[in-house]
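# Overview (structure and organization)
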Amino acid sequence: MNVNTPIQSLHSPLQAKWGAVVAMALCATVLISSEFLPVSLLTPIATDLGITEGHAGQSISISGLFALLTSLFIPGLIGVRDRHHVVLFFTSLMAVSDFMVAFAPNAAVLMTGRGLLGISVGGFWSISTAIVMRLVPGESIPKALALLNGGNAAAATLAAPLGSLLGSIIGWRGAFFCVVPLAAVAFVWQWRSVPSLPSEKSGARIGAVFALLAQRQAGLGMTAIMLLFMGQFMLFTYLRPFLEVVTDSNAPLISLLLLIAGAAGIVGTWLIGILLRTRLHSLLIAIPALMGVTATGLTLFGRGPLSAGVLLAAWGLLGTAAPVGWGTWLSRTLPQDAEAGGSLMVAVIQLGITAGAVGGGLLFDLHGYPVTFAFSASILFLGAFLAVLTRNADHRLPAPLSLMKPNPLTQATL
């Protein structure tokens, strides 16, 4: 997972470097795939390492925690270093992480590898938009950012079902190892195509990021975003054991169900783009509320593959569209603090993912899926309520920035 809030670059080139943009998009695809591979492989990971599925689910939360910390402190950590070298470092860290996970002899090594991935996630998404904006002229920035986000759409659609399918053929370790050569290709391509990018002026510092929370509308909105992702990942992380135990699905059927959810997410992203101009606040309220209804529906009616497939399609449709709406809200609410607001949203999303995966794991181990999904629904309903509170002053704020793009991390969720 992360939100990237574009700011106008002072050093946009005269000619677009599209090869470098595609290389960044490939890295984004591999990164998101790596982050969420455990979702479709929880059961075999837990069985092989001799841990519970809830414990295995913490591999999601640990990467989210490290991504959260990295996204907050990255401006001070990278300082004035050439962004070309910085992005190569985070890409190489992703390859090391996947290699460690693929050969992890125990849970401790698994979690260490996932922690390294979290650093890569938080670092990459904190600088990726600024890098892409310096690779193309100003008029091509929206197209370049759309290409970057396209990598996330591909990962959102294919990562979970492909992970499940590969896990059934070559095992969960083989599925993770398949990512290593892809990360290597992304590294070499970026090394050859991304030019030297000396630091521009310093980015938002951590003090400026947290100062935004003192603004009532920003604070309410960020809390609503955190609850959205917390509720979403409290359920999403434990879909595989739910589908195996409750719907009695085998690996190919699980892959199909996850593919349906991913494909619905692409449709949801397209639909919300049409509705945003006139229905922003209604969508911000309706999406978490309907996701809460869907979570409840999975608990009550998700015992058959057909009903589960319909509900998962609704879940993917709503969940992937949500960050697009909140990204537009951010551009209206904080037009003068877009960079700091984007950094804060990265951290808030990762906090929600971490809290949802941790809390969901504990609940799943202690009480099973009914209690876990019920808590997920309750948190989503609370997020919808907070979304209501954000709308009071938002209608007086300026229109969305033309360069604002949706959050790539959250386009990787279902």
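Presented here is a report on the structure given in the accompanying data block. This one's a predicted model, so the numbers in the text were calculated from it and none came from an experiment. (Residues numbered from 1 in each chain as written. Predicted model: local features only at pLDDT ≥ 70, side-chain atom pairs only at ≥ 80, totals over all residues. Heavy atoms only, no water.)

Before going further, it helps to examine helix α2 (residues 42-49). L42, T43, I45, A46 and L49 are the residues of α2 that are buried. On an axial view of α2, the arc spanned by its buried residues comes to 165°, and they lie on one face. Looking one or two residues past α2, G50 carries a phi angle of roughly 70°, positive in sign. (Buried < 20%, exposed > 50% of the residue type's maximum accessible area, 1.4 Å probe, protein only. Helix = DSSP H or I, 4+ residues; strand = E, 2+ residues; numbered from the N terminus. Arc of directions from axis to C-beta.)

Centre distance and the angle of the planes are the two values used to describe a pair of aromatic rings. Throughout the structure, instances matching the rule amount to ten aromatic pairs. Ring centres 5.5 Å apart and planes at 20° place the aromatic pair Y238 and F364 in the stacked group. With a gap of 126 residues between them, Y238 in the loop between α9 (216-236) and α10 (239-245) and F364 in helix α13 (residues 338-367) connect regions that are remote in the sequence. On the numbers, 5.1 Å between centres and 65° between planes, the contact of F242 with Y369 is edge-to-face. A residue pair is termed long-range when its members are at least 10 positions apart, and F242 in helix α10 and Y369 in helix α14 (residues 369-394) qualify at 127 residues. Pairwise contacts between aromatic rings join F99, F103 and F177 into one cluster. (Phe/Tyr/Trp six-rings, centres within 6.5 Å; stacked < 30°, edge-to-face > 60°.)

Pairs can form between side chains of opposite charge once their charged atoms are near each other. Enumeration over the complete set of coordinates arrives at two salt bridges. The residue R173 makes a salt bridge to D48 at a minimum N-O spacing of 3.0 Å. Linking R173 in helix α6 (residues 141-177) with D48 in helix α2, this pair joins segments that are 125 residues apart in sequence. Residue class for R173 comes out partly exposed when judged on its relative accessible area of 26%. For D48, a relative accessible area of 43% puts it in the partly exposed group. (Salt bridge = Lys/Arg side-chain N within 4 Å of Asp/Glu carboxyl O.)

Across the interface, helix α1 (residues 18-36) lies against helix α7 (residues 179-193) with an axial gap of 9 Å and an inter-helix angle of 155°. By the angle between their directions, the pair α1 and α7 is classed as roughly antiparallel. In the crossing of α1 with α7, the sense of the turn from one axis to the other is left-handed. On α7, the residues touching G19, A20, V22, A23, M24, L26, C27, V30 and S34 of α1 are V179, L182, A183, V185, A186, W189, Q190 and S193. (Axes fitted to C-alpha atoms, helices over the stretch in contact; angles between N-to-C directions. Parallel < 35°, antiparallel > 145°, perpendicular 65-115°, else oblique. Left-handed = near helix turned anticlockwise from the far one by under 90°. Contact = heavy atoms within 4.5 Å.)

Moving on, we get to the environment of S193. Along the polypeptide, S193 turns up in helix α7. In this structure, the C-alpha to C-alpha distance between S193 and V21, residues 172 residues apart in sequence, is 8.6 Å. Apart from residues lying up to four places away in sequence, S193 is in contact with G19, A20 and A23. Within the structure, S193 has its side chain in polar contact with the backbone oxygen of W189 (distance 2.6 Å). (Polar contact = N/O pair within 3.5 Å; in protein donor to acceptor, adjacent residues only side chain to side chain.)

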